[in-house]
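Topology and contacts: notes
Residue-level listing of the chains:
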Amino acid sequence: MAFDPLQERGVPLDEQVRDWRELDVTPIDADRCDPYTRCRIITMNGIEVEAIMFSHHLARHCQDQEIRRQLARVRSIEAQQQKAVNWLLPGSASVLETTIAYEQVAVDLTAWVARMEPDAYLRQAYEFGVLEDFDHLYRYANLYEMIEHRKAEKIVDQLTEVMPGRPTYLHHRDPVDNVREPYDRRRTEPLSRLHALTVMSAEQQTMNFYMNVGPMYMEPIARQLYQEIGLVEEEHVTHYESLVDPGESWWEMLLNHEYNECYLYYSFMETESDPKVKNIWELHLNMELEHLRLAAELFKRHDGRDPDQVLAPALPPPVTFEPNKQYVRDLLATRIDHTTLGTGYVQEAHERFEKMQEAIMGGEKAPSERVVDDNRAITGMEYRLETEGPHPAGLRLR
Ligand SMILES: [Fe+2]
Ligand SMILES: [Fe+2]
Ligand SMILES: [Fe+2]
Ligand SMILES: [Fe+2]
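All residue numbers refer to positions counted from 1 along the written sequence of the respective chain. For this description, chains carry letters from A and ligands carry numbers from 1, given in the order in which they are written. Owing to the predicted nature of the model, reporting of local features is limited to residues with pLDDT of at least 70; listing and counting of side-chain atom pairs is limited to 80 or more, with chain, interface and lining totals taken over all residues. Hydrogens and waters are ignored; side-chain quantities use all the structure's heavy atoms.

We now examine empty space enclosed by the protein. Regions of empty space are outlined by a rolling probe, equal in size to a water molecule, passed over the atoms. A 1.4 Å probe that fits but cannot get out identifies a cavity on a 1 Å grid over protein atoms alone, an open set with protein on both sides within 12 Å along at least five of seven lines counts as a pocket, and a residue lines either if it has an atom within 4 Å of a point. Grid points are joined across faces, edges and corners, and a volume is the space filled by probe spheres set on the points. Taken as a whole and judged by the stated rule, the model has six cavities of 30 Å³ or more. As a volume, the largest cavity reaches approximately 130 Å³. Starting at the N terminus, helices and strands are each numbered in turn, a helix being any DSSP run of H or I of at least four residues and a strand any DSSP run of E of at least two. Breaking the lining of the largest cavity down by element, the ones donating at least two residues are α2 (35-60), α3 (65-86), α9 (250-271) and α10 (275-303). Among the elements that take part in the lining of the largest cavity, α3 stands out by supplying five residues, more than any other. Following the grouping adopted for this structure description, the nonpolar residues are Ala, Val, Leu, Ile, Met, Phe, Trp, Tyr, Cys and Pro, the charged ones are Asp, Glu, Lys and Arg, and the polar ones are all others, Gly among them. Along the lines of polarity and charge, the residues of the lining of the largest cavity split into eight nonpolar, four polar and four charged. By volume, the second largest cavity is sized at about 70 Å³. What lines the second largest cavity is simply Ile42, Thr43, Gly46, Tyr102, Val105, Ala106, Thr110, Val199, Ala202, Glu203, Gln205 and Thr206.

Encoded structure:
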């Protein structure tokens, strides 16, 4: 039966506060967990971080003391949810192991969204971006083998392939070429709004993560690689956030945020393999239903419309973490040499693009190239995980 979060009853707000013992959840087992459980945790952490930061921004633009208090109450719950979710990650994983999982999220979440996206222009944005995070995964996997002497399949299992995508040194575009055309809020499918918000939030958390953890390594190549890819993640946030219609009112944006939280918790509850983690998704869904009800009230009062005018009549099919190997391979075969020009995509390296390359590289090899060379020099061969045959764009293993 279709699940309509606007029709469901949640947990009353004053019953949502948990004490610290409840928030101090038992983490998943890094060696035995389903890699996609870890991906769902990383995704939901990004969603909650966005919920918190969006609410802060809204509060800073809000003159009504009563609304500011209500925002503060809901936000404190989002902050608790973020703790419960992110603390599911085990302390035994290294920063680099978590990094590899972040890029696995970027690959399989973005590929799934692209496959489900009804709008051709938006789909193109996801198909473009996914080839870059796919390449990041390969660069970090080589760093991992080189400095931690382990193989990335320990983390991604056989679910996501690891091989070159669009080479990372070609991701450094002129900032103006990272701004896409937004969807039209009056015409777009409700699902497209949710997709844009989900991928934007995931990329934003990846950016935040690299900004913070990048300098935690001593090895110069690791510090440099995090710097380089950290810059690219900022471009990705620009790319994806620019898809969202900036004409949405604050109340409409709030409504979309809470609805999307319901959608994702519901999706993950439906698809989770770890029963303990599933319980958290279910509990948080029941909290979000009440956040959504409160946001819908604000929307009705201050935007003047009915939530049914902007939201789907029921939740779309669940967001699912599953292998997207063939889909990514098809993109590798056809889009690997694309870049952006203005709000569109081109195949040639235009002048503005090349200028940026020079400015960032200063005539030297990028860390993302050196990390593979260095690993090859030490271990005899670069790291790849090609489970479905040779590279579809003919980039041979060396
Ligand atoms: Fe939340
Ligand atoms: Fe990435
Ligand atoms: Fe990214
Ligand atoms: Fe929420």
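Moving on: the coordination of the iron ion (ligand 2). Where a metal carries four tetrahedral donors, each ideal angle is 109.5 degrees; where it carries six octahedral donors, the ideal angles are 90 or 180 degrees. Taken together, Glu103 (OE), Glu103 (OE), Asp133 (OD), His136 (ND1) and Glu233 (OE) make up the protein donors of the iron ion (ligand 2), found 1.9 to 2.4 Å from the metal. Only nitrogen, oxygen and sulfur atoms qualify as donors, provided they sit within 2.8 Å of the metal or within 3.2 Å for Na, K and Ca; with water excluded from the atoms, sites may seem incomplete. Sequence positions of the donors to the iron ion (ligand 2) reduce to the motif E-x29-D-x2-H-x96-E. Separating the iron ion (ligand 2) from the iron ion (ligand 3) is a gap of 3.3 Å, which Asp133 spans by donating to each of them. With Glu103 in helix α4 (residues 95-116) and His136 in helix α5 (residues 120-148), the pair connects residues that are 33 residues apart, well separated along the chain.

The residue Leu96 is located in helix α4 in this model. Here's how the labels work: a residue is buried when its accessible area is under 20% of the maximum for its type, exposed when over 50%, partly exposed in between, all with a 1.4 Å probe on protein chains only. Leu96 gets classed as buried once you look at its relative accessible area, which sits at 0%. Distance from Leu96 to Gly214, taken between C-alpha atoms, is 9.5 Å for residues 118 residues apart in sequence. The contact partners of Leu96, leaving out residues within four places of it in the chain, are Tyr140, Leu143, Tyr144, Ile147, Glu148, Tyr217 and Tyr226. Contact criterion: two residues are considered in contact whenever any of their non-hydrogen atoms come within 4.5 Å of each other.

Right, let's talk about the pattern of salt bridges for a bit. Salt bridges are identified by distance alone: a Lys or Arg side-chain nitrogen within 4 Å of an Asp or Glu carboxyl oxygen. A full pass over the atoms with the stated rule returns 32 salt bridges. Via salt bridges that share partners, Lys365, Asp373, Arg376, Glu382, Arg384 and Glu386 belong to a single interconnected network.

A separate point is unusual backbone geometry. Positive phi, close to 55°, is recorded for His149, a residue that is not glycine. Take His149: it is sitting in the loop between α5 and α6 (153-156). Among the residues examined, His149 registers a relative accessible area of 66% and is labelled exposed. Positive phi is not limited to glycine here, since Asp157 has a value of about 60°. Its location among the elements puts Asp157 in the loop between α6 and α7 (190-213).

An expected span of 1.5 Å times one less than the residue number is assigned to each helix. Helix length check: helix α13 (residues 367-379), at 13 residues, gives a terminal C-alpha distance of 18 Å against a target of 18 Å (1.5 Å per residue), a fit within 8%. Here the buried face of α13 lies against α5 and α8 (220-241). The positive-phi residue at the C-terminal boundary of α13 is Gly380, with phi of around 95°.

The next subject is the packing of α4 against α8. Note on method: axes are straight lines fitted to C-alpha atoms, helices fitted across the in-contact stretch only, with angles between N-to-C directions ranging 0 to 180 degrees. At a closest axis distance of 14 Å, the pairing of α4 and α8 adopts a crossing angle of 30°. Taken together, the axes of α4 and α8 are roughly parallel relative to one another. Along this stretch, α4 crosses α8, giving a crossing that reads as left-handed. Counted together, Val95, Leu96, Thr99, Glu103 and Thr110 of α4 and Tyr226, Ile229, Glu233 and Tyr240 of α8 form the full contact between these two elements. Looking at side-chain class alone, the contact of α4 with α8 contains five nonpolar, two polar and two charged residues. Here roughly perpendicular refers to angles of 65 to 115 degrees, roughly parallel to angles under 35, roughly antiparallel to angles over 145, and oblique to all remaining angles. A crossing counts as left-handed when the near helix is turned anticlockwise from the far one by less than a right angle, and as right-handed when that turn is clockwise.

With that out of the way, let us pick up the packing of α5 against helix α11 (residues 325-335). Axis separation between α5 and α11 bottoms out at 10 Å; the angle between their running directions is 95°. With respect to each other, α5 and α11 are oriented roughly perpendicular. Here Arg123, Glu127, Val130, Leu131 and Phe134 of α5 come into contact with α11, specifically with Tyr327, Val328, Leu331, Leu332 and Arg335. For the contact of α5 with α11, the residue count by class is seven nonpolar, no polar and three charged.

Here is the rule: rings of Phe, Tyr and Trp (six-membered ring for Trp) pair when centre to centre is within 6.5 Å. Planes less than 30 degrees apart are stacked, more than 60 are edge-to-face, and the remainder are tilted. The final tally for this structure, using the stated rule, is 14 aromatic pairs. A centroid spacing of 4.5 Å and a plane angle of 20° characterise the contact between Phe3 and Tyr266, whose relative ring orientation is stacked. With Phe3 in the segment before α1 (20-23) and Tyr266 in helix α9, the pair connects residues that are 263 residues apart, well separated along the chain. Taking the relative accessible area as the measure of exposure, Phe3 reaches 16% and is therefore buried. Owing to a relative accessible area of 14%, Tyr266 belongs among the buried residues under this scheme. Clustering of aromatic rings is evident, with ring pairs tying together Tyr102, Tyr140, Phe209, Tyr210, Tyr217 and Tyr226. We call a charge positioned above a ring when the Lys NZ or Arg CZ atom is no farther than 6 Å from the ring centre and deviates by at most 35 degrees from the ring normal. Residue placement shows Arg166 over the ring face of Phe128; its charged tip is 4.0 Å from the ring centre. Directly above the ring of Tyr345 sits Arg180, whose terminal nitrogen or CZ lies 5.2 Å from the centroid.

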